[in-house]
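A look at the structure
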Amino acid sequence: MADAMMTADAGERAGALSRLFQGGEASTTAGPLTLSEMPVPGQINLRGNPSDAAFAEAVAKVLGCRLPVAANTVEKGGDFSLLWLGPDEWLVLTAPGAEAELSAGLVEALAGQHFAITDVTGNRALFRLSGTPAREVLAKGCSLDLHPSRFATGQCAQTLLARSGIILSQVDDAPSYDILPRRSFAEYTWRWLEDAMAEYR
Amino acid sequence: MAEFRNSSGGRIDRARPLTFRFNGKRYQGFSGDTLASALLANGVHLVGRSFKYHRPRGIVTAGAEEPNALVQLETGGYFEPNLRATQVELYDGLTASSQNAWPSVDFDIGAINGFFSKLFVAGFYYKTFMHPRSFWMRVYEPIIRRAAAGARAPSEADPDTYDKMHAHCDVLVAGAGPAGLMAALEAAKAGARVIVADEQAEFGGSLLGETSGIDGIPAAQWVEKMRADLAAFPEVRLLPRTTVTGYYDHNYLIMAERKTDHLGRGMGGVRQRLWKVRAKRVVLATGAHERPLVFADNDRPGIMLAGAARAYVNRYGVKPGNTGVVFTNNDSAYEAAIDLAKTGCRIEAIIDVRPQATGAMAQKARAAGLRIICGAAIAGVEGAKRVKAVEIAPLSSDGETVGGPVKRIECDFVAVSGGWTPAVHLLSQSGGKLRFDEAKACFVPNVSVQAETSAGACNGTLFLEGALEEGAKAGRAAVEAVGLMPAQESALPKVETVEAAPIHALWIVPGKKPVGHGKAKHFVDAQNDVTAADIMLASREGYRSVEHLKRYTTTGMGTDQGKTSNVNALAILSRTLSSPIPSVGTTTFRPPYTPVTYGTLAGRDVGELSDVARVTPMHGWHVARGAVFEDVGQWKRPWYYPKDGESLREAVNRECLAVRNGVGILDASTLGKIDIQGPDAAEFLNRVYTNAWSKLGIGRCRYGIMCKEDGMVFDDGVTTRLGENHFLMTTTTGNAAAVLDRLEDYLQTEWPDLKVYLTSVTEHWATASIAGPKARELVGELAPDLDLSNDAFPFMSMKEATVAGLAARIYRISFTGELSYEINVPAYQGMALWEAIFAAGETHGLTPYGTETMHVLRAEKGFIIVGQETDGTVTPFDLGMDWIVSTKKPDFVGKRSFSRPDTARTDRKQLVGLLTEDPEEVLPEGAQITADADGTPPMPMLGHVTSSYWSATLGRSIAMALIADGGNRQDTTVHAPLGVKTLACKVVKPVFFDSEGARLNG
């Protein structure tokens, strides 16, 4: 018994809101809007020189998709997305738990090159905000122009939502947005979003 | 129906009566009324008392420019001062009262100030209340403040909700009058993203009070058609009740929207919203404000602007009185006279200062049966709380005096026009420049600095046809400028245009006595009680600059910011200085255009959303355990865990002893962590830390200090070599982001040749720091497969192992001086790890400890905390840490500065330990240290206490201090003068416990 208590389930991943939604699903709605915390995705931070053909090709080979080089764009692979964060930095979002294998594959393919693969799965929470007024909700705290002509599905940005830095990425035309605050900012960001959604109830 | 309400006409809904209270009395108005129109309908002109003289004051305008009719609404948390009755939309149950009146607006004690008005001349603040000097703060200022009143601040929290919204558009149109509507429609037709904001409840601006038609339909119908057309465009956002209040650089504008004010307070939802707009182009269509004529006793209730009188009768169906006189220097008041006469007011005469009235407008007035008296002026006013009669006298041809027979006309209202002042506030805020247009007698836009265009009345185009044309043109130009194709040009709406006769500027209307003599006052700025005589006096006293004049006389200050008074004031200044108006210039317009509530500016940044509270994955556990939290940056860190009502000191004593004698655990997740990879990683560390890193073995840890270029300590922490080209750096909690920024900056700008990548992993890891002589026992149980012997897992090394079933990194580092293991797992497993440790720790007496205990334990060991022992002026040498500064490395950040003469001084403030002579006394942190026990201030200070605690381990107090030449003061006695007592302290080495470090290995 004592042993069982001392051993945690290594497969279990606590969401960043487990304090606010003990045991329950972190999800809320307001009229046409839905806000949910998604299962903690695998997160890999990738650094390297995209103009180095060897680097770009090795990454493309492992991920099966092109390395996005246009600023603030997202490329989709099988069950992961590759988000442009900077001229030499990307964030790979994978299915929960798939990050270790993918990291290993990348490290192997890039052997001998100058790169950095870092498991950052614990770094950020992932929220998804969906529904027609989602754009307006975000506009309450984000100074970017989210009009479809300026920021569409397949685009991402590192920006501020109220007082929290986030990665923002539009995932469909509902519109739905992925919002990734740093994990310690997750409770604040959730509360802020819930508050901003209130008028659409 | 109220006495002065017409039975038909206007845009009010007579089927929806509303009841409200003003100064305790019940009245009735209608939906569509403002508080001002509803009061006038009930014959209430006297709405307030003036600022200095407490003179009775009435409603002067029908809009944002109102100087007098300031009211406070509601009570308790909903109390709101300084509202303009002319802008308050009436709602059922509204409660309002006058400001500046005590005990009542009818009988105001402050009115006695009027009898002492000689005391309140220009600059009275600086003159009357100068002596004795000590009286200013204690006597004069409080009395002046109470007498001047203004408004009281609300004393309760506002229960309503306010928020903010960002918006972006191709074209922002400020003002939805004729020009704005035309501009918006042209922009919309071209497919532009358009925002149209107007401060009023309804779009239309001046057209809402207009009786003539546009395109063959009544103006109001035309407005409604335009609004509907605009609303049909998906990319057009229409915002009524929204004031563009600020115009900042790069076409960034602030708007304040009143979403539910017109419904009452406490309506739920968002009451007011602050819009932050980034517009590619701006069309300013903000209209114009009418200004009064400056004549003797022109402030009496019942005297209002002609345009306002016209708006009240046309838009609200309210007569300003039964019998009126119109007084003007331009044609616009004729329209007011005609409309007032048409709707049941008796207009005794139009008094026109111009020598003749032969223009088309005058003919129209005559045709309507109105009497015009030319070349004459109002020389005096009878009535205090309400105008009773005016005295009319012929003007001399130079306009400087009145003479000849005085005619007395009884009336209960006067409609005045001194011309129109374009509302150039936003243009001026944007940096645009103005010029004075002599013919129109007003300032008009001249030079644009930002991407904006003025159209219509705010551009000095004061006739409807011109405003429509300019608006359309501005809209087309705006879309072209943003790269869109304007729609095919359509014919302009048709309007009837009466050619206007030129205005005749008459800045001071002479009275029966010279200005400033006798009892009559010629008011320029009614809100601040500034008269023409004040301005003339100020300029005689040498206040020749319009900016100085404003501050000396207070003209143009207050809630209205001189919207009706500024031009008159500077024209009078120009006249007194005999200097033309353009060379006198205007004061600068600053945001906001009209007052904005604090609630709107705060938005949702209140309560728990006022700042981020960063929490660790184990936060819920700390809360459940009753931890008291300390703010470290934005983090909430457990400070201590009181048990059974323990005080801070009791809890910390217990926690400290538990760590020293058993085992304790600290949530150390907040430390900054930076993953460093690349072939030049070790070289990079050599450059940013003061010590050497090349030879650090894989799996080994080293403490490092980072200096800034000036040689002062910037941050510290332990860095571990994870692989040949791979390190993990830790930083202090508060500096994590700053360190990453600095390091990234070095890589990108100073050393782009270094092949190094940095990645923040602060949040990826949750860290449980287990410390104490029993730590090995506990960790051994949690990680049974790991050899924890000192040989296999020595101090300052790292192992990867399975802990409680979780893959973890364990660092054997210590900030307490005890045997210590810092267990790291990914954040999503932090709570699981923590709970597993406690499940195992129970039998070991595992005690959670907070940051206070951590501080005490490290101080016992003499370990510094960056930001506590350092303050940006402290070098590693000052801390006695010479050992950490490499003498062999060719360079590192800060090295050069160590040889600066001041940095190299040997008598700098240096870190020492202090032991109070009385071991029970705990020095306050920050206490100053002196060499002498009993000096009288000022006396030389040696330095200050940086850390000070009660040490339960040692059974006495301990402290650290930075004191001058501390190294040479060992074993001497210094003093801490604390005011009530002076504590003697012995200077010792800053290590109080286990100086040989024997406990590190358990």
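Residues numbered from 1 in each chain as written. Chains lettered and ligands numbered in written order. Predicted model: local features only at pLDDT ≥ 70, side-chain atom pairs only at ≥ 80, totals over all residues. Heavy atoms only, no water.

1. Focus: the overall build of chain A
Of regular secondary structure, chain A possesses five helices and eleven strands. For 201 residues, the compact-globule formula gives about 17 Å, and the C-alpha radius of gyration of chain A, at 18 Å, lands near that figure. Each principal axis of the C-alpha distribution contributes one length, and for chain A these read about 60 × 55 × 25 Å. Taken across its 201 residues, chain A has 52% of its residues classed as buried. Considering only residue pairs separated by 6 or more positions, chain A has 62% of its internal contacts joining residues 24 or more positions apart. Of the roughly 8,200 Å² that chain A leaves accessible, carbon and sulfur atoms contribute 51%. Computed over 16 positive and 24 negative side-chain charges, the inter-centroid distance for chain A is 6 Å. (Helix = DSSP H or I, 4+ residues; strand = E, 2+ residues; numbered from the N terminus. Rg over C-alpha atoms; globule rule 2.2 N^0.38 Å. Buried < 20%, exposed > 50% of the residue type's maximum accessible area, 1.4 Å probe, protein only. Contact = heavy atoms within 4.5 Å. Areas by Shrake-Rupley, 256 points an atom, 1.4 Å probe, with all protein chains shown as cover. Lys, Arg positive; Asp, Glu negative; His and termini not counted. Charge placed at Lys NZ, Arg CZ, Asp CG, Glu CD.)

2. Observations concerning helix α5 (residues 186–197) of chain A
Because each turn of an α-helix spans 3.6 residues, side chains separated by three or four positions end up pointing in the same direction. All names here are of chain A. The first and last C-alpha atoms of α5 sit 16 Å apart over twelve residues, in line with the 16 Å expected at 1.5 Å per residue. The buried fraction of α5 amounts to nine of the twelve residues, a majority that puts the element mostly inside the structure. Inspection of α5 places Ala186, Glu187, Tyr188, Thr189, Trp190, Trp192, Leu193, Ala196 and Met197 among the buried residues, and these make up the whole buried set. (Expected span 1.5 Å × (residues − 1).)

3. A short note on the UniProt feature "domain: GCVT N-terminal" (unreviewed entry) in chain B
Those places that UniProt annotates as "domain: GCVT N-terminal" (unreviewed entry) correspond, in this numbering, to residues 618–889 of chain B. Between the end C-alpha atoms of residues 618–889 of chain B the distance is 42 Å, and the span holds 27% helix and 28% strand. (UniProt positions renumbered as here; feature names shortened; annotations may be inferred.)

4. Concerning the UniProt feature "domain: FAD/NAD(P)-binding" (unreviewed entry) in chain B
When the UniProt feature table is mapped onto this chain numbering, "domain: FAD/NAD(P)-binding" (unreviewed entry) sits at residues 170–434 of chain B. Split by type, residues 170–434 of chain B is 22% helix and 36% strand. Its first and last C-alpha atoms lie 25 Å apart.

5. Describing the environment of Ala231 of chain B
Topologically, Ala231 of chain B is positioned in helix α6 (residues 219–231). As a C-alpha pair, Ala231 of chain B and Asp198 of chain B span 33 residues in sequence and 14 Å in three-dimensional space.

6. Here's the deal with the sheet that holds strand β1 (residues 13–22) of chain B
Residue and element names in this part refer to chain B. Pairing is mixed across the open sheet formed by five strands, whose spatial order is β2-β1-β7-β5-β6. Two strands bound the open sheet, and with one partner strand each, they are β2 (25–31) and β6 (80–84). Going from strand to strand, the sheet's axes swing by 40 degrees on average, the running direction of each strand aside. Bridge count between strand β5 (residues 70–73) and β6: three bridges; the pairing is antiparallel. Looking at β6, one finds that Leu73 is bridged to Glu80. (Pairing = 2+ DSSP bridges. Axes fitted to C-alpha atoms, helices over the stretch in contact; angles between N-to-C directions.)

7. Topic: the packing of aromatic side chains
All names here are of chain B. The full count for this structure, using the stated rule, is 22 aromatic pairs over all chains. Plain terms: the ring middles of Tyr543 and Tyr552 are 3.7 Å apart, the flat faces sit at 10 degrees to each other, and that makes the pair stacked. Using a relative accessible area of 27% as the deciding quantity, one classes Tyr543 as partly exposed. Relative to Trp834, the ring of Trp621 has its centre 5.7 Å away and its plane inclined at 75 degrees; by these criteria the two rings are edge-to-face. Taken together, the positions of Trp621 in helix α17 (residues 619–624) and Trp834 in helix α22 (residues 830–841) put the pair 213 residues apart, joining distant regions of the chain. The burial state of Trp621 is the same as that of Trp834; both residues are buried. Here the aromatic cluster, defined as three or more aromatic residues joined through ring pairs, consists of Trp621, Tyr641, Trp834 and Phe838. (Phe/Tyr/Trp six-rings, centres within 6.5 Å; stacked < 30°, edge-to-face > 60°.)

8. Here's the deal with the sheet that holds strand β36 (residues 713–723) of chain B
Residue and element names in this part refer to chain B. Pairing in this open sheet of five strands is antiparallel, and the strands run β35-β36-β37-β34-β38 from one edge to the other. The sheet terminates laterally at β35 (701–707) and β38 (757–760), the two strands that pair on one side only. Taking the axes of each pair of neighbouring strands and ignoring which way they run, one obtains an average angle of 30 degrees across the sheet. Bridging between β35 and β36 involves seven bridges; their strand directions are antiparallel. Directly across from Ile705, in β36, lies its bridge partner Asp716. Sheet strands touched by helix α19 (residues 681–688): β34 (672–677), β35, β36, β37 (726–731) and β38. Its angle to β37, the strand with the most contacts, is close to 30 degrees. Relative to the sheet, helix α20 (residues 736–750) contacts β34, β35, β36, β37 and β38, its axis offset from that of β38 by approximately 165 degrees.

9. Considering the environment of Asp994 of chain B
All names here are of chain B. Within the secondary structure layout, Asp994 lies in the segment after β49 (982–988). According to the relative accessible area criterion, Asp994 is buried, its value standing at 11%. The spatial distance from the C-alpha of Asp994 to the C-alpha of Gly817 is 7.8 Å, given a sequence separation of 177 residues. Within polar-contact distance, the side chain of Asp994 engages the backbone nitrogen of Arg999 at 3.1 Å. (Polar contact = N/O pair within 3.5 Å; in protein donor to acceptor, adjacent residues only side chain to side chain.)

10. What to know about the interface of chain B and chain A
Each partner contributes residues to the interface: chain B has 53 residues there, and chain A has 50 residues. When chain B packs against chain A, the two sides together hide about 4,200 Å² of surface, and 54% of this comes from carbon and sulfur. Taken together, chain B and chain A are joined by seven salt bridges. The shortest N-O distance in the salt bridge between Asp163 of chain B and Lys140 of chain A comes to 3.5 Å. Our count for the chain B to chain A interface comes out at 30 residue pairs in polar contact (both at pLDDT 80 or more). At the level of elements, β8 (161–174), β15 (270–284), α17, β34, β38, α21 (775–782) and α22 of chain B are the ones that each hand at least two residues to the side of chain B that touches chain A. (Buried area = accessible area lost by both parts, 1.4 Å probe. Salt bridge = Lys/Arg side-chain N within 4 Å of Asp/Glu carboxyl O.)

11. A look at the domain arrangement of chain B
Often, the extent of an interface is quoted as the loss of accessible area upon association of its parts. Domain annotation of chain B identifies domain 1 (1–157), domain 2 (161–285 + 464–481), domain 3 (289–417 + 502–584) and domain 4 (875–881 + 891–1000). Placing the centre of domain 3 of chain B and that of domain 4 of chain B at their C-alpha centroids yields a distance of 74 Å. (Domains from an automatic or database assignment.)

12. A closer look at the pattern of salt bridges
Residue and element names in this part refer to chain B. Scanning the entire structure with this criterion turns up 62 salt bridges over all chains. Close ionic contact of Arg721 with Glu724 constitutes a salt bridge, the shortest N to O distance being 3.7 Å. Overall, the relative accessible area of 5% leaves Arg721 in the buried class. Here Glu800 ties to Arg809 by a salt bridge, and the two come within 3.6 Å at their closest N and O atoms. By relative accessible area, Glu800 is classed as exposed at 59%.

13. Some details on the nonpolar core
If you look at the biggest cluster of nonpolar residues, it comprises 54 residues, and the most contacted ones within it are Phe20, Phe22, Leu35, Leu39, Leu94 and Tyr312 of chain B. Composition of this core by domain shows at least three residues from each of domain 1 (1–157) and domain 3 (289–417 + 502–584) of chain B. Counting 53 residues, the second largest nonpolar core, distinct from the first, contains Ile166 and Tyr200 of chain A together with Ala167 and Trp275 of chain B. (Core = buried A, V, L, I, M, F, W, Y, C linked by side-chain atoms within 4.5 Å.)

14. Observations regarding the side chain of Glu348 of chain B
Residues and elements named next belong to chain B. Following the sequence through the fold, Glu348 ends up in strand β19 (residues 346–352). Engagement of the side chain of Glu348 in a polar contact is seen with the side chain of Arg346, the distance being 2.9 Å. In this structure, Glu348 is in contact with Thr323, Gly324, Val325, Arg371, Ile409 and Glu410, ignoring residues within four places of it in sequence.

15. Observations concerning unusual backbone geometry
In the segment running from Ala174 of chain A into Pro175 of chain A, the intervening peptide bond is cis, with an omega of 0 degrees. Within the secondary structure, Pro175 of chain A is located in the loop between β10 (164–172) and β11 (176–181). For the peptide bond that leads from Pro591 of chain B to Pro592 of chain B, omega is -5 degrees, which places it in the cis range. Relative to the helices and strands, Pro592 of chain B is located in the loop between α15 (581–584) and α16 (598–602). One non-glycine residue with positive phi stands out, namely Ala441 of chain B, at about 55 degrees. With respect to the helices and strands, the residue Ala441 of chain B is situated in the loop between β26 (433–437) and β27 (442–447). The phi angle at Asp994 of chain B is positive, at roughly 50 degrees, despite the residue not being glycine.

16. Looking at the confidence of the model for chain B
Residue-level pLDDT values for chain B average 94, and 95% of them are 70 or greater. On the interface metric, ipTM, the complex scores 0.97, and its pTM is 0.94. (pLDDT = per-residue confidence, 0-100.)

17. Here we look at the packing of helix α2 (residues 53–63) of chain A against helix α3 (residues 99–109) of chain A
All names here are of chain A. Axis separation between α2 and α3 bottoms out at 9 Å; the angle between their running directions is 145 degrees. For the element pair α2 and α3, the recorded crossing hand is right-handed. Mapping the contact onto sequence places Ala58, Val59, Val62 and Leu63 in α2 and Leu102, Gly105, Leu106 and Ala109 in α3. For the contact of α2 with α3, the class distribution of residues is seven nonpolar, one polar and no charged. (Left-handed = near helix turned anticlockwise from the far one by under 90°. Nonpolar A, V, L, I, M, F, W, Y, C, P; charged D, E, K, R; others polar.)

18. So, the pairing of strand β5 (residues 81–86) of chain A
Taken residue by residue, a regular strand's side chains alternate between the two faces of the sheet. Residue and element names in this part refer to chain A. Burial analysis of β5 places six of its six residues in the buried class, the great majority of the element. Sheet topology note: the strand β4 (residues 74–76)/β5 ladder contains three bridges and is antiparallel. Residue Lys76 lies in a different strand from β5, and its bridge partner there is Ser81. What sits between the antiparallel neighbours β4 and β5 is a turn of four residues. Where β5 and strand β6 (residues 89–94) come together, five bridges link them in antiparallel fashion. In the strand pairing of β6, Gly86 is matched with Glu89.

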